[in-house]
Structures are given as structure tokens and as C-alpha cells.
Amino acid sequence: MGSKPIIVVGAGIVGVSTALWLQRAGRDVILMDRDAPGSGASYGNSGLLAGWAVEPVNAPTLWKDAPKYLMSRDSPLFLKWAQLPWMLPWLARFMSHAVDHKTRRIVENMMPLLTDTVMQHRALVAGTPLEGWVRDSKCSFAYPTLKDFEKDQYSWNMKALAGLKPNILTGGEVQEEEPILGPAIACLAQLEGHGHITDPGRYVALLAQHFTQEGGQFVQAQVQDFTRSGDHVTQVETSEGAFECDQVVVTAGIWSKELMARLGLRIPLQAERGYHVIFENPSELPRNPLMITKGRFGVNPMDMGLRCAGVVELANHLTPASEAPVAFIRKQAAEVFPKLTYSGTQSWMGFRPTVPDCTPLIGQIGESGIYTGFGHQHVGLTSGPKTGRLLAQMITGSTPNMDMRPYAPERYAG
Ligand SMILES: Cc1cc2nc3c(=O)[nH]c(=O)nc-3n(C[C@H](O)[C@H](O)[C@H](O)COP(=O)(O)OP(=O)(O)OC[C@H]3O[C@@H](n4cnc5c(N)ncnc54)[C@H](O)[C@@H]3O)c2cc1C
């Protein structure tokens, strides 16, 4: 064991989980973030513990769907066309994975990170004041018609690889199950045994608070660079000065790209921007979380109201939010929840950090003492606690009970 602390850069769900598991292993940890914990992508997501989300966005069906979506004004995929030339190299690599055998490999790689998510969250919150926060739930995929469900066969074939088989509800069963849904939804494909969080930003913030109450240090600082002696990291340079360390874990979500660039590594990490709309003081709530398949967003009955969160906008993380995705979510919500009334709305944009093979980078860069914990695309809340546990095991020298090679950062950082 080294004598200097381990610094975890980025206090989203991945960083906070890593810090907690390292602390439990008896290590001296500093958690750093330029903002308050839980204010990045982890703040505004759908809150779904999506053990079912094994299929990547770039499945083979995207070849057919993407042009259709991009030509339509009423679709869940948005693109800042002016940024297309700059994005093309990433897009080409991303789409090169949209073939069946590669999708199956990604599904295989994602399964161990996702399928035991509810258990992993429970293990993370055990012994903390957050024990009641991990809710058991069903997740229902809402389709306009049974035919639309049948057209989504590829996606269900991928979920079947993870042993998931839906119960199908049609006709009157749909509104009996979820009275909030109007006639625009005539089929629910329902999965049991999943979970959700009713305020993901606060969940992460309270976990970070627990970490400090247990003796961990949180430093609000912008990490700017790394100092190395030979190949090994010795300190982190920040807006608040230099901090010595034995190891660093980079869990800075989309912003990990800039930090990797400081090491001379060009990681193809692209923001899949997503949006949420919160309907405050809603007249009704769904009984369980829903996925609105036509709108590609999740619906979660949350503490602050009804949150609809999802869609994809391809654009960088430096450009301001757009209005069209928010308008789209509002329109879709009005269609599926025709009787919903509310006192007001709030909207938000966040950045899903995505590499071309949609598989997070979890591991050490060479023998540098610098570990990566980023690239969790659409499923960082789901897989963050397990990622943190795996990183803590790797750092403290115990062997994770799974093959870590698919996540090795070398495939992009080599
Ligand atoms: C609309 C939407 C819906 C989603 N729904 C779900 C869902 O239902 N389920 C699910 O599992 N996932 C969902 N996701 C994905 C999930 O939110 C992300 O994968 C996850 O939050 C990523 O967590 P993270 O810890 O890697 O990054 P973040 O939460 O983004 O945290 C990174 C942190 O690093 C800090 N940071 C960055 N650079 C520096 C620096 N130089 N110095 C110091 N600090 C720095 C930032 O301030 C930030 O706090 C959704 C995402 C979106 C956008």
C-alpha cells in the first residue's frame, strides 16, 4: 500500500462509487470535482437501473433508422449539421460497429456490468443513510401497436441473450397496468426485476457526503494536468494547487477526453447529448418507469415530478443546449399522457460519454498508476457502482471476478 492518497477525478456516479469502494478497502482517497458532486451527466438522467440496456445504440438497425430519423423533423435523433465534418471520423468508427457480430460482442461485454445493477446499488448504499433509495420496479417498453413491438425484434433478441423475456400487454391491459397512458400506446413489453432511483443527482451528492463523513476528503478543484516521474503519476495539478498521489482514477465523464489529451492520448470520446423535461406537480404518475420507444426516452416518477429523459443529439459538449429536443420530448409526452396536467416544467441537457464500441474504459493505462473509469454512454447510472467496485479491486490488488480485458483502456489509449 502506498503512503500517498489515491485521487479520484470527477464526482459523478462512477467517481463517487470508486471513492466509496476504495475507502471501504481502507485506502486514503481524495475525491475531486470542479463542481458539486453529482452535477454532471449523473444529475439529470432518467434514473433507470437499466439492467436490460445491453444493446448498444449502434446496433445494425441503426443503418436503417438513422437516415429516416435525420430526415424527419419529428424524431428522437438530432444532429448539429455544422459539426458533422468535425464528427465524421468518430461517426465512421461508431458505425463500423453496427454489424451483428460486433453488436453481440458488445452485448456480451456489457452484460456483466449491467445485469446485477440493483444488487450492486444495494451493496453500494449498504450501511449508508441511502439504503431506502434503491427502488425495485418493473420497466415497461411502451409501443404504439403490437406490430411496432414486433418490428423491434432485433433489440429483444439482444435482450434475450441476457435472459430477458418480456410479458406482453395489449388492448385494455395497457391502461389497466398504467392508467396514465392514453390510446396512443396499445402495447407494453414489460420486464420484471429492475430498479430505479427517484433523484439521481441527490443520490450521488448524498453518497459523496457519506464518503466525507466517513473520513474521505472532497476537494473542489479543476484538474488541469498530471505530473509523472518516469511513467508513473506523482501528482495532480489543479486550479487549487498540486496534490501528491500514488494513483489517479479519471472518472470525469465526457471531460475525461481533455484529461487524456494531457497524457498525449486521443480517446475517441463523443458526447451523445441527452435532455430531460420535468413536469412539476403532475396530476398523475406512472406506477413504474416506462420507456417511450417512439420518442426514445425514459419516464420515471421522481421526487421532483415526472421526469422524461432521453433522445440523442450528436454535437460536442461545448455548444449550448438546443430547443428542438426539449420541444420533441414535450410533444411526445403530450401524446402518450393526454390527461396529464402540471404546474410548470424544467429542462436540462447532459452529456453521455461514448466511445465507438460503446464499452467503458475500465483499467490502468500501462503501469502509469492512472486508471480510467469513463465511457459509460447511456448506462452510467446502471453500471457506475460496479465499475467503482472493479476499479477499487484492481487498484488494491485483488482480482476482479470477471474478465477485464474487454474494458482495457489500451484499445484506445495504446
Ligand atoms: C438524458 C439522459 C438520460 C440518461 N438516463 C440514464 C438512465 O436512466 N440510466 C443510466 O444508467 N444512465 C443514464 N444516462 C447516462 C448516465 O447519466 C451517464 O452515463 C453517467 O451519469 C456518467 O457518469 P460519470 O460519473 O461517468 O460522469 P458525470 O456524471 O458526467 O461526472 C463527471 C464529473 O467530472 C467532473 N469533471 C470533469 N472534468 C473535470 C476536471 N478537469 N476537474 C475536476 N472535475 C471534473 C464534472 O464536473 C462531473 O461532475 C442518461 C444520460 C442522459 C444525458
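Residues numbered from 1 in each chain as written. Predicted model: local features only at pLDDT ≥ 70, side-chain atom pairs only at ≥ 80, totals over all residues.

K.L.:
Sorry, what's going on with the overall build of the protein here?
P.N.:
Each helix and strand in the protein was counted, giving 14 helices and 19 strands. Relative to its length of 414 residues, the protein is compact, with a C-alpha radius of gyration of 21 Å against a globular reference of 22 Å. Viewed in the frame of its principal axes, the protein has a C-alpha envelope of about 65 × 45 × 40 Å. Each of the 414 residues in the protein was classed as buried or not, and the buried ones make up 50%. A separation of at least 24 residues holds for 77% of the contacts in the protein among residues at least 6 apart in sequence. (Helix = DSSP H or I, 4+ residues; strand = E, 2+ residues; numbered from the N terminus. Rg over C-alpha atoms; globule rule 2.2 N^0.38 Å. Buried ≥ 20, exposed ≤ 12 C-beta atoms within 10 Å, placed from the backbone. Contact = placed C-beta atoms within 7 Å.)

K.L.:
Would you mind going over the site of the ligand with me for this structure?
P.N.:
Looking at the ligand, there are 44 residues lining it, with Gly12, Gly40, Gly253, Gly274 and Gly380 nearest. Where the shell around the ligand is concerned, the elements lending two or more residues are α1 (13-24), β2 (29-33), α2 (41-44), β13 (270-280), β16 (305-314), β17 (344-354) and α13 (380-396). In terms of residues, the shell around the ligand owes the most to one element, α13, which gives 4 residues. For the shell around the ligand, the per-class residue count stands at 18 nonpolar, 22 polar and 4 charged. Composition of the shell around the ligand by domain shows at least three residues from each of domain 1 (6-42 + 202-267 + 357-413) and domain 2 (59-114 + 132-196 + 269-354). (Near = placed C-beta within 6 Å. Nonpolar A, V, L, I, M, F, W, Y, C, P; charged D, E, K, R; others polar. Domains from an automatic or database assignment.)

K.L.:
Quick question: what am I supposed to make of the pairing of strand β19 (residues 370-374) here?
P.N.:
Residues in a regular strand project their side chains so that they alternate between the two faces of the sheet. The buried count for β19 comes to 5 of 5 residues, which makes it a mostly enclosed element. Side chains Ile370, Thr372 and Phe374 of β19 all project onto a buried face; the interleaved residues Tyr371 and Gly373 project onto the opposite face, where all are buried too. Two elements, strand β12 (residues 247-250) and β19, share 3 bridges in a ladder whose sense is parallel. By the bridge assignment, Val248 is partnered in β19 with Ile370. Here 4 bridges tie strand β18 (residues 361-364) to β19, and the two strands are oriented antiparallel to one another. The partner of Leu361 across the bridge, within β19, is Phe374. Between β18 and β19, which pair antiparallel and follow one another directly, the connecting turn spans 5 residues, one of which, Gly366, has a positive phi of 55°. (Pairing = 2+ DSSP bridges.)

K.L.:
Just checking my understanding: could you explain the nonpolar core for this structure?
P.N.:
Note on soluble globular proteins: their nonpolar side chains tend to be buried together. Ranked by internal contacts, the top residues of the largest apolar core, which has 114 residues, are Ile7, Val8, Val9, Val16, Leu31, Ala142 and Val248. A total of 7 residues in this core trace back to one element, the largest contributor, which is α1. Setting aside residues up to four positions removed in sequence, Val9 forms contacts with Met32, Val223, Val248, Val249, Val250, Thr251, Ala252 and Leu259. (Core = buried A, V, L, I, M, F, W, Y, C linked by C-beta atoms within 7 Å.)

K.L.:
Looking at this structure, I do not really get the domain arrangement of the protein. What am I missing?
P.N.:
Size of an interface, as often reported, equals the accessible area lost when the parts are brought together. Taken domain by domain, the protein holds domain 1 (6-42 + 202-267 + 357-413) and domain 2 (59-114 + 132-196 + 269-354). One C-alpha centre belongs to domain 1, the other to domain 2; they are set 28 Å apart. Mapped by element, the contributors of at least two residues to the side of domain 1 that touches domain 2 are α11 (256-262) and α13. At 4 residues, the largest contribution of residues to the side of domain 1 that touches domain 2 is made by α13. Residue composition of the side of domain 1 that touches domain 2, by class: 9 nonpolar, 10 polar and 3 charged.

K.L.:
When you look at the sheet that holds strand β9 (residues 223-229) in this model, what are you seeing that I'm missing?
P.N.:
Hydrogen bonding along the main chain pairs the strands of a sheet, whether they run parallel or antiparallel. Spatially, the 3 strands line up as an open sheet ordered β9-β10-β11, and their pairing is antiparallel. Edge positions in the sheet fall to β9 and β11 (241-244), since each of these pairs with one other strand and no more. Ignoring which end each strand starts from, the neighbouring axes of this sheet average 30° apart. Pairing geometry for β9 and strand β10 (residues 232-238), over 6 bridges, is antiparallel. (Axes fitted to C-alpha atoms, helices over the stretch in contact; angles between N-to-C directions.)

K.L.:
In this structure, what is going on with α13? I would like to understand it.
P.N.:
Since the α-helix packs 3.6 residues into each turn, any two residues three or four apart lie on the same face. For α13, which comprises 17 residues, the first-to-last C-alpha distance of 23 Å matches the rise-based estimate of 24 Å (1.5 Å per residue) to within 8%. Maximal helix bending in α13 amounts to about 25°, located at Lys386. Judged by how many residues are buried, α13 sits mostly within the fold: 14 of 17 residues are covered. Among the residues trailing α13, Gly397 stands out with phi positive, at a value near 85°. (Expected span 1.5 Å × (residues − 1). Bend = angle between axes of the 7 residues up to and from the residue.)

K.L.:
Explain the environment of Trp86 here, please?
P.N.:
Note on placement: Trp86 falls in helix α4 (residues 84-95). Assessed through the 11 C-beta atoms surrounding it within 10 Å, Trp86 is described here as exposed. Sequence separation between Trp86 and Val107 is 21 residues, and the spatial gap between their C-alpha atoms is 29 Å.

K.L.:
Is there a simple way to explain the sheet that holds strand β8 (residues 217-220) in this structure?
P.N.:
Within the open sheet, the 6 strands sit side by side as β8-β2-β1-β12-β19-β18. Their pairing is mixed. At either end of the open sheet lies a strand with only one pairing partner, and these are β8 and β18. Averaged over all pairs of adjacent strands, the angle between their axes in this sheet comes to 20°, without regard to strand direction.

K.L.:
Help me understand the packing of α1 against helix α10 (residues 200-213) in this model?
P.N.:
To describe two helices that pack against each other, one gives the angle between their axes and the distance between the axes. Look at α1 against α10: their axes get within 10 Å of each other, and the N-to-C directions meet at 25°. Taken together, α1 and α10 sit at an angle that is classed as roughly parallel. Relative to α10, α1 is oriented so that their crossing is left-handed. Each of Ile13, Val16, Ala19, Leu20 and Gln23 in α1 lies in contact with α10, whose residues at this interface are Val204, Leu207, Ala208 and Phe211. (Parallel < 35°, antiparallel > 145°, perpendicular 65-115°, else oblique. Left-handed = near helix turned anticlockwise from the far one by under 90°.)

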